[in-house]
There are 2 protein chains.
Amino acid sequence: MHIEKIRLYENREDVTLTTYLIDDSTELMNGKKRPAIIICPGGAYMSCSDREAEPVALRFAAMGYHTFVLKYSTYFKGKLVVPDLNQELLVQEHCQYPNPMRDIGKSMLIIKEQEEVWLIDTEKIAICGFSAGAHNCAMYATHWNSPLLTDYFQKPAEMMRPSAVILGYTLSDYIFMKNSEKDELQHLVFEHSNTAFLGNKNPDNETFELVSPVKWVTKNTPPMFLWGTASDELVPVQHTIKLADALAQNKVPFAMHIFEDGNHGLSLATQASAQFQSQIDTTAAKWVELAEKWLEKRFALPLTPGL
Amino acid sequence: MHIEKIRLYENREDVTLTTYLIDDSTELMNGKKRPAIIICPGGAYMSCSDREAEPVALRFAAMGYHTFVLKYSTYFKGKLVVPDLNQELLVQEHCQYPNPMRDIGKSMLIIKEQEEVWLIDTEKIAICGFSAGAHNCAMYATHWNSPLLTDYFQKPAEMMRPSAVILGYTLSDYIFMKNSEKDELQHLVFEHSNTAFLGNKNPDNETFELVSPVKWVTKNTPPMFLWGTASDELVPVQHTIKLADALAQNKVPFAMHIFEDGNHGLSLATQASAQFQSQIDTTAAKWVELAEKWLEKRFALPLTPGL
């Protein structure tokens, strides 16, 4: 395995793509290219959680795919800081929309540039996110052909298109989030996240619509695998359901698995991604096997027939 | 993840231990130590198969364990060579018993020396092998307290003891192997492997008994997880059954899973460890989940209670 932490932008330390590249072998793919998965951890656009980074990358690498962890632009620049929620955040530019989404675009281009060196099947690059990272992936999946990306990178849309999207406990509808009942903690996390991502703790509805993937789903949105828990008390499961509804309306292929129990932020829901016992849930952990089968439909490795 | 290929002996390139060390994080184990698994690939003591190396290491790393791939002493010194079975092998010293078993001992000591740097829970080090690699692990598991290891390394037996052993399609009884019906291919592979491992294509029964783990199981043999396929045409499944029988007689805790279908050498039995379609078997692939649960009984990570 080749591990390498790559800066997306030479002058920034905080935005990095870490490779988990599977060694080629004459006894395995023998020079043939593998699909790739880009993992976007969550963290309310404040940081990127390690719990949704390497453990997830290793699990997908164990399926036979090259994986990448993207630490995209966040308020605390990749460092885990637990902010004092009672104190207002200063506005910062680097982490605001559309920068986090563009970080995915930049990663896509870097990976495609390394096609021959890393043996990447560039027709099969998926993005996989959790929480805010899932939101970032959902935004990317509904904007890959937008001038926000194609003009910015001066690349044709097909260079930017992800082949498949896996979203865990995503946020998808900011208007719904704004209007839904929130306890004090939810309210403060929402405000802080808005300051980080939108430069304003209480943006107008027009801004919220801009960053609500449910509003941007079209028939060109790539296939999605959605999962979450009905008992999520931080990001209501309706975000997942509403996104599935939009996919269904637009006849985009998708799967959705809602588990009854489980807190927000389960990641793999196994010991491998847990710090606390409560972050393990053997039922919700089934999402990984379900996603594995779903991916195989599209990403099955080109093995040699017979023996 | 920290990947590092370590020479077991400075003057030899062919015997290496490759680390798959999981990054520590304040959001995960936060400085606490993890159990470790040493993987021994198969290859008839002629070579070490890549199909039973990195793909397996990644799957166990995805469970939250530090993993290591040991390329132990083999005839072709780690290089994949398909020998002409019709030509006799010259006798070589470096790959002969008990060298491959001592390579496991040396790995155990290296890993324990790095306890604090790598954050290894030295009370929880398992060995996991396939085919000849499983035989090597079974030999080690029945000889960890033998002078062959303790005198050789000048270490107390408890330093050498593995905590758990996972064996896929193992060889365990050379007398049975010698006497069992063999087709031409099996016969030639057996002879070549004997030349590599025992320095003689047709050793006497005393030699065969020395290297038959079934003869050496005692109540001090560590717990084992055994799996294989009833339709294995290269190493008959009786090797697994006989070893289980010896464990039962000695009241050593064990699990055994024999799947009806599947060729020799399935490894993970998924696309991740396959070159050919025939190396995938979705039923036999269940061994990994069964082993995961079995390991968790002993190796569950020391997570923080509550949240």
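Up top is the structure these notes are about.
Residues numbered from 1 in each chain as written. Chains lettered and ligands numbered in written order. Predicted model: local features only at pLDDT ≥ 70, side-chain atom pairs only at ≥ 80, totals over all residues. Heavy atoms only, no water.

Okay, the pairing of strand β7 (residues 224-229) of chain B next. All names here are of chain B. Among the six residues of β7, six are classified as buried, and the element is accordingly described as predominantly covered. Side chains M224, L226 and G228 of β7 all project onto a buried face; the interleaved residues F225, W227 and T229 project onto the opposite face, where all are buried too. Here strand β6 (residues 164-168) pairs with β7 via four bridges, running parallel. Each residue of the ladder has a partner; that of G168, found in β7, is W227. For β7 and strand β8 (residues 254-259), the ladder comprises six bridges, and the chain directions are parallel. Of the residues in β8, the one forming a bridge with F225 is A255. (Buried < 20%, exposed > 50% of the residue type's maximum accessible area, 1.4 Å probe, protein only. Helix = DSSP H or I, 4+ residues; strand = E, 2+ residues; numbered from the N terminus. Pairing = 2+ DSSP bridges.)

What connects the two chain copies is a rotation about an axis and a shift along it. Take chain A, turn it by 180°, move it 0.0 Å along the axis, and it overlays chain B with an RMSD of 0.0 Å. Classification of the inter-copy transformation places it as that of a two-fold axis. Of the residues that chain A buries at the interface, 100% are likewise interface residues in chain B, meaning the two copies contact each other through the same surface. (Least-squares fit on C-alpha atoms with pLDDT ≥ 70 in both. Contact = heavy atoms within 4.5 Å.)

All names here are of chain A. Relative orientation of the contacting elements helix α2 (residues 99-113) and helix α4 (residues 132-143) amounts to 70°, with a least axis distance of 9 Å. Compared by their axis directions, α2 and α4 come out roughly perpendicular. Here α2 runs over α4; the crossing is right-handed. For the pair α2 and α4, the contacting residues are P100, M101, I104, G105 and M108 in the first and N136, C137, M139, Y140 and H143 in the second. (Axes fitted to C-alpha atoms, helices over the stretch in contact; angles between N-to-C directions. Parallel < 35°, antiparallel > 145°, perpendicular 65-115°, else oblique. Left-handed = near helix turned anticlockwise from the far one by under 90°.)

The next thing to look at is the sheet that holds strand β8 (residues 254-259) of chain A. Residues and elements named next belong to chain A. Taken in spatial order, the eight strands make up an open sheet running β1-β2-β4-β3-β5-β6-β7-β8, and their pairing is mixed. On the outer flanks of this sheet lie β1 (2-7) and β8, each paired with one strand and no other. Mean inter-strand twist for the sheet, computed between neighbouring axes without regard to direction, equals 15°. Taken together, the six bridges between strand β3 (residues 34-40) and strand β5 (residues 120-130) define a ladder with parallel strand orientation. In the strand pairing of β5, C40 is matched with G129.

Once that is clear, we can look at α2(A). All names here are of chain A. With 15 residues, α2 extends 21 Å between its outermost C-alpha atoms, agreeing within 8% with the 21 Å of an ideal straight helix rising 1.5 Å per residue. Counting buried positions along α2 yields twelve of 15 residues, so the element is predominantly enclosed. Residues of α2 that are buried include every one of P100, M101, R102, D103, I104, G105, S107, M108, L109, I110, I111 and K112, and no others. (Expected span 1.5 Å × (residues − 1).)

On to the side chain of B:T67. Residue and element names in this part refer to chain B. Within the element layout of this structure, T67 appears in strand β4 (residues 66-71). Given the relative accessible area of 0%, T67 is considered buried. Other than its neighbours up to four places away in sequence, T67 contacts T18, T19, Y20, I37, A57, F60 and A61.

Here we take up the environment of B:M108. All names here are of chain B. Examined against the element boundaries, M108 turns out to sit in helix α2 (residues 99-113). When the C-alpha positions of M108 and Q92 are compared, they lie 25 Å apart, and in sequence the two are 16 residues distant. Leaving out residues up to four positions away in the same chain, M108 has contacts with I38, I125, I127, Y140, M159, M160, R161 and P162.

Let us now look at unusual backbone geometry. Residue A:P98 is bonded to the preceding A:Y97 through a cis peptide linkage, with omega at 0°. Not every positive phi belongs to a glycine, and A:S267 is a case in point at roughly 55°. According to the relative accessible area criterion, A:S267 is buried, its value standing at 0%. The backbone of B:K251 sits at a positive phi, close to 55°, despite the residue not being glycine. Checked against the element boundaries, B:K251 lands in the loop between α10 (238-249) and β8. The exposure class assigned to B:K251 is exposed, which follows from its relative accessible area of 72%.

Together, B:I241, B:F254, B:M256 and B:I258 give the surface a local cluster of nonpolar side chains, amounting to about 290 Å² of exposed area. Sorting elements by how many residues they give to the nonpolar patch places β8(B) first, with three residues. (Patch = residues over 30% accessible without salt bridge, like charges linked within 9 Å, V, L, I, M, F, W, Y side chains within 5 Å. Areas by Shrake-Rupley, 256 points an atom, 1.4 Å probe, with all protein chains shown as cover. Salt bridge = Lys/Arg side-chain N within 4 Å of Asp/Glu carboxyl O.)

Attention shifts here to the pattern of salt bridges. Charged atoms that come close allow side chains of opposite charge to pair. All names here are of chain B. Taken as a whole and judged by the stated rule, the model has 16 salt bridges over all chains. Between E115 and K33 there is a salt bridge; the shortest N-O distance is 3.0 Å. One end of the pair, E115, is in helix α3 (residues 115-118); the other, K33, is in the loop between β2 (16-21) and β3 (34-40), with 82 residues separating them in the sequence. The exposure class assigned to E115 is partly exposed, which follows from its relative accessible area of 23%.

For the rest of this paragraph, the subject is the side chain of B:Q186. Mapping B:Q186 onto the fold places it in helix α8 (residues 184-198). A polar atom in the side chain of B:Q186 sits 3.3 Å from the backbone oxygen of B:L234. (Polar contact = N/O pair within 3.5 Å; in protein donor to acceptor, adjacent residues only side chain to side chain.)

Residue and element names in this part refer to chain A. In this fold, E88 is placed in the loop between β4 (66-71) and α2. Classification of E88 by relative accessible area gives exposed; the value is 58%. Taking the C-alpha atoms as reference, E88 lies 8.8 Å from K201; in sequence the two are 113 residues apart. Side chain to side chain, E88 and K201 meet in a polar contact 2.6 Å long.

The subject of this paragraph is helix α1 (residues 54-61) of chain B. Since the α-helix packs 3.6 residues into each turn, any two residues three or four apart lie on the same face. Counting buried positions along α1(B) yields eight of eight residues, so the element is predominantly enclosed. Those residues of α1(B) that sit buried are B:E54, B:P55, B:V56, B:A57, B:L58, B:R59, B:F60 and B:A61.

Here we come to the packing of aromatic side chains. Inspection of the entire model under this criterion finds 34 aromatic pairs over all chains. Arranged with centres 6.0 Å apart and planes meeting at 70°, the rings of B:Y45 and B:Y72 form a pair that is edge-to-face. Here B:Y45, found in the loop between β3 and α1, pairs with B:Y72, found in the loop between β4 and α2; they are 27 residues apart in sequence, far enough to count as distant. A network of ring pairs unites the aromatic residues A:F60, A:F130, A:Y169, A:W227, A:F259 and A:W287 as a single cluster. (Phe/Tyr/Trp six-rings, centres within 6.5 Å; stacked < 30°, edge-to-face > 60°.)

Once that is clear, we can look at the interface of chain A and chain B. Contacts between chain A and chain B engage 44 residues on the former and 45 residues on the latter. Overall, the association of chain A and chain B removes approximately 3,900 Å² of surface from exposure, summing both partners, and the carbon and sulfur fraction of that is 54%. Linking chain A with chain B are zero salt bridges. For the side of chain A that touches chain B, the elements supplying multiple residues, two or more each, are β2 (16-21), α1 (54-61) and α11 (286-299) of chain A. In terms of residue count, α1(A) provides more of the side of chain A that touches chain B than any other element does, five residues in total. Grouping the amino acids of the side of chain A that touches chain B by side-chain chemistry returns 23 nonpolar, twelve polar and nine charged. (Buried area = accessible area lost by both parts, 1.4 Å probe. Nonpolar A, V, L, I, M, F, W, Y, C, P; charged D, E, K, R; others polar.)

Honestly, it's all geometry; don't read function into it.
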